[in-house]
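# Chain and residue survey
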Amino acid sequence: MPVDQLPKFVVIDDVQAIRAMAHQARQKALDELYGSHRAYTATELAARCEISPSAMSYHLRALEKYGYIRRVEQEGDGRNKYWQAVAFTLRIIGFDAGSQSESPSVTSHIEGLRKRVGEEVRRRRARSADLHDEALYPVITSSQLDLRDEQAEEFMQRLHGLLDEFALTSGKLPPDEATRRIRYFVSAIEEPPEPVES
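Below you will find a few notes about this structure.

Calculation notes
- Residues numbered from 1 in each chain as written.
- Predicted model: local features only at pLDDT ≥ 70, side-chain atom pairs only at ≥ 80, totals over all residues.
- Heavy atoms only, no water.
- 1 Å grid on protein atoms, 1.4 Å probe; cavity = no way out; pocket = protein on both sides within 12 Å on 5 of 7 lines; lining within 4 Å.
- Points joined across faces, edges and corners; volume = space filled by probe spheres on them.
- Helix = DSSP H or I, 4+ residues; strand = E, 2+ residues; numbered from the N terminus.
- Nonpolar A, V, L, I, M, F, W, Y, C, P; charged D, E, K, R; others polar.
- Patch = residues over 30% accessible without salt bridge, like charges linked within 9 Å, V, L, I, M, F, W, Y side chains within 5 Å.
- Areas by Shrake-Rupley, 256 points an atom, 1.4 Å probe, with all protein chains shown as cover.
- Salt bridge = Lys/Arg side-chain N within 4 Å of Asp/Glu carboxyl O.
- Buried < 20%, exposed > 50% of the residue type's maximum accessible area, 1.4 Å probe, protein only.
- Phe/Tyr/Trp six-rings, centres within 6.5 Å; stacked < 30°, edge-to-face > 60°.
- Lys NZ or Arg CZ within 6 Å of the ring centre and 35° of its normal.

The computed volume of the second largest pocket comes to approximately 160 Å³. Lining the second largest pocket are T41, A42, T43, S57, R61, R71, R79, N80, K81 and W83. Of the residues forming the lining of the second largest pocket, the biggest block, 4 residues, is contributed by strand 4 (residues 77–85). For the lining of the second largest pocket, the class distribution of residues is 2 nonpolar, 4 polar and 4 charged.

With that settled, consider a nonpolar patch on the surface. A cluster of nonpolar side chains, namely L145, L147, F155 and M156, defines an oily patch on the protein surface of about 340 Å² accessible area. Looking at the secondary structure, you find L147 in the loop between helix 5 (103–126) and helix 6 (149–171). On the accessibility criterion, L147 (38% relative accessible area) is partly exposed.

With a phi angle near 60°, H37 is a residue other than glycine that sits in the positive phi range. Counting through the fold element by element, H37 comes out in the loop between helix 2 (24–36) and strand 2 (40–41). With a phi angle near 60°, E50 is a residue other than glycine that sits in the positive phi range. Classification of E50 as exposed rests on a relative accessible area of 67%.

All right, on to the packing of aromatic side chains then. Each pair of aromatic rings is reported with the distance of its centres and the angle of its planes. Per the stated rule, a full pass over the model turns up 0 aromatic pairs. The ring of Y40 carries R38 above its face, with NZ or CZ at 3.8 Å from the centroid. R91 extends its terminal NZ or CZ atom over the ring of F9, reaching a point 3.9 Å from the ring centre.

Printed below as a string of structure tokens:
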């Protein structure tokens, strides 16, 4: 399917599907497919994920089974199988706190983030960059906001709207154009209100 015809997002809310993505190679493949919005062969993805093509094919079939990706045909290439994301962005909402089945997926995401943050800090140190230089964007930032109901709703809408806007832009750039790859990890969690003492 042409990139501009992909749905805006796909929602994954099945516990088994969420468990299926709890593997570093699968998450790397999903990052690549949903980040670039281009079609890849298993061999191309295997090189990026640093595993064998046969192992990559196994993981891709599992991701296809749960609705993350699909097989597509490339015009003029009948020999290779190609894989593509089913939408521009991926949204995971089906956590089952009772069974803790989300833990492998969340742990895998956070482990990937930890590695990328560590690699970036080492790159900055190797360049003798001042890690406290305000001109550098932070590698990771964390804080809390205390907002009124309408402000909290506006914050969430604008945050996800910004991500969706640039996801659509990213998918439409020519493949030969020079780009900067930016990986992001977003988790905006609303804390439950504190109980009121009677």
